[in-house]
Amino acid sequence: MKKILFIDRDGTILREPEDEQIDSFEKFQFVSGVISALRFLRQHTDYLFVMVSNQDGLGTPSYPESDFWPTHNLMLEILHGEGVEFDAQHIDRSFPEDNRPTRKPGTAMLTPYIDGTFDLANSYVIGDRETDAQLARNLGCKYILLNESTNWEKIREIVYAGERTAEIRRTTKETDISVSVNLDGTGKADIETGLGFFDHMLEQIAKHGNIDLYIHTKGDLNVDEHHTIEDTALALGECLLRALGDKRGIERYGYCLPMDDCLCQVALDFGGRPWLVWQAEFHRERVGDVPTEMFLHFFKSLSDSARMNLNIKAEGENEHHKIEGIFKALARALKMAVRRDIEHMQLPSSKGIL
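Reference entry: report on the structure contained in this document. (Residues numbered from 1 in each chain as written. Predicted model: local features only at pLDDT ≥ 70, side-chain atom pairs only at ≥ 80, totals over all residues. Heavy atoms only, no water.)

Right, let's talk about the sheet that holds strand β8 (residues 189-192) for a bit. The strands making up a sheet associate through hydrogen bonds between their backbones, and the pairing can be parallel or antiparallel. With mixed pairing, the four strands of this open sheet are ordered in space as β6-β7-β9-β8. What marks the edges here is a single partner per strand, and that holds for β6 (165-171) and β8. Strand-to-strand twist across the sheet, computed as the mean angle between neighbouring axes with direction ignored, equals 5°. Summarising the sheet, β6 and strand β7 (residues 175-182) pair through seven bridges and their orientation is antiparallel. Paired with Arg170 across the strands is Ile177, a residue of β7. Across the face of the sheet, helix α5 (residues 196-209) comes into contact with β8 and β9 (212-219) while running at roughly 160° to β8. Those strands touched by helix α6 (residues 226-244) are β6, β7 and β9, and its axis lies near 35° from that of β7. (Pairing = 2+ DSSP bridges. Helix = DSSP H or I, 4+ residues; strand = E, 2+ residues; numbered from the N terminus. Axes fitted to C-alpha atoms, helices over the stretch in contact; angles between N-to-C directions. Contact = heavy atoms within 4.5 Å.)

In structure tokens:
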């Protein structure tokens, strides 16, 4: 079944001015990166391109019907010259107050695509507003919203090479853990493990790795912290491994950074062979509510479960800074290693397997 890209126009293909009306050539400007991204997707994927837009903008009643909106035609001519063709256009010319079912997020003008002959579950709505996200939900599609953290280069990568997300549930007699990861996220974190300092460290992975991270752990803290920390590492490592998929196009390797008196280095390799080198000494029994001996266990379990080589070194006097520097360096190393080059989607290994 054919997959579809339902693409918004104003604010997504063309920049939307402050008055939200692209009603003159002076206001005509493409969104940065959109032409090259659409050309790439047109050349390298088999998605149908369907433009879906409300009247706002180019469809102003100031133009006679026969003119068919000069700026709209100019946009299509420029895209055509760059190898970008739309298979269909659906433009509702009503006003918001009309509240017609053909107006996004209504699906009335998209009925030809909801008869079961198209793969809507693996199709996308690409837009810049919540109405575009709601349209996707109404159609049963996925969606990507253009915003400050998700530009057309990122949209191109996700549509072409796939989303890198994973989630797992790990339940034992000692812990109950839910983890989800989005390697192409924006650094959002929702962390609850019952250990405040541990939560703070895991949040560093999300923030400095640009990874969306959800971790909720219920552990036998009435016994001690060991199972909670170790099992969380195992679940997180497995989630990272799943999200990486076949690892094609990734950088594979990745960082050292200073934090006040400390210098922390984390080098990693997603080569499929788990190994941990740990050169960090702690002289305090605890940092916050976490025993310092558990940091070694965390990174050993993470390395084993994610099947990655971790080499960790830390120098300095302040124990808090030392461990926080390690987590931040891990985040930066992850950010480097999972970076994907969709122009070269080869496996980064001479063996042919990772």
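From this point, things continue past the structure.
For helix α7 (residues 293-306), built from 14 residues, the straight-helix expectation of 20 Å at 1.5 Å per residue is met to within 8% by its first-to-last C-alpha distance of 21 Å. Regarding α7, the residues found buried are Met294, Phe295, Phe298, Phe299, Ser301, Leu302, Ser303, Ser305 and Ala306. Next to the buried residues of α7 lie α5, α6, β12 (275-279), β14 (290-291), β15 (309-315) and α8 (319-337). Following α7 by one or two positions, Arg307 adopts a phi angle in the positive range, close to 55°. (Expected span 1.5 Å × (residues − 1). Buried < 20%, exposed > 50% of the residue type's maximum accessible area, 1.4 Å probe, protein only.)

This next bit is on the packing of aromatic side chains. Enumeration over the complete set of coordinates arrives at 14 aromatic pairs. Aromatic rings pair up to connect Phe197, Phe198, Trp278, Phe282, Phe295, Phe298, Phe299 and Phe327 into one cluster. The side chain of Arg42 reaches across the aromatic face of Phe49, ending 4.8 Å from its centre. Over the ring of Phe282 we find Lys322, and its NZ or CZ is 5.4 Å from the ring centre. (Phe/Tyr/Trp six-rings, centres within 6.5 Å; stacked < 30°, edge-to-face > 60°. Lys NZ or Arg CZ within 6 Å of the ring centre and 35° of its normal.)

Now for the state of the cysteines. Disulfides are covalent bonds that link the sulfur atoms of two cysteine residues. The final tally for this structure, using the stated rule, is zero disulfides. There is no disulfide at Cys262, and the cysteine sulfur nearest it, in Cys264, is 5.5 Å away. (Disulfide = S-S within 2.5 Å.)

What follows is about the nonpolar core. Grouped together as the largest cluster of nonpolar side chains are 57 residues, with contacts concentrated most on Leu236, Phe299 and Ile326. Ignoring sequence-local partners within four residues, the contact set of Ile326 consists of Cys264, Val266, Trp278, Ala280, Phe282, Phe299, Ile312 and Ala314. With 30 residues, the next largest nonpolar core counts Leu14, Phe30, Leu41 and Met51 among its residues. (Core = buried A, V, L, I, M, F, W, Y, C linked by side-chain atoms within 4.5 Å.)

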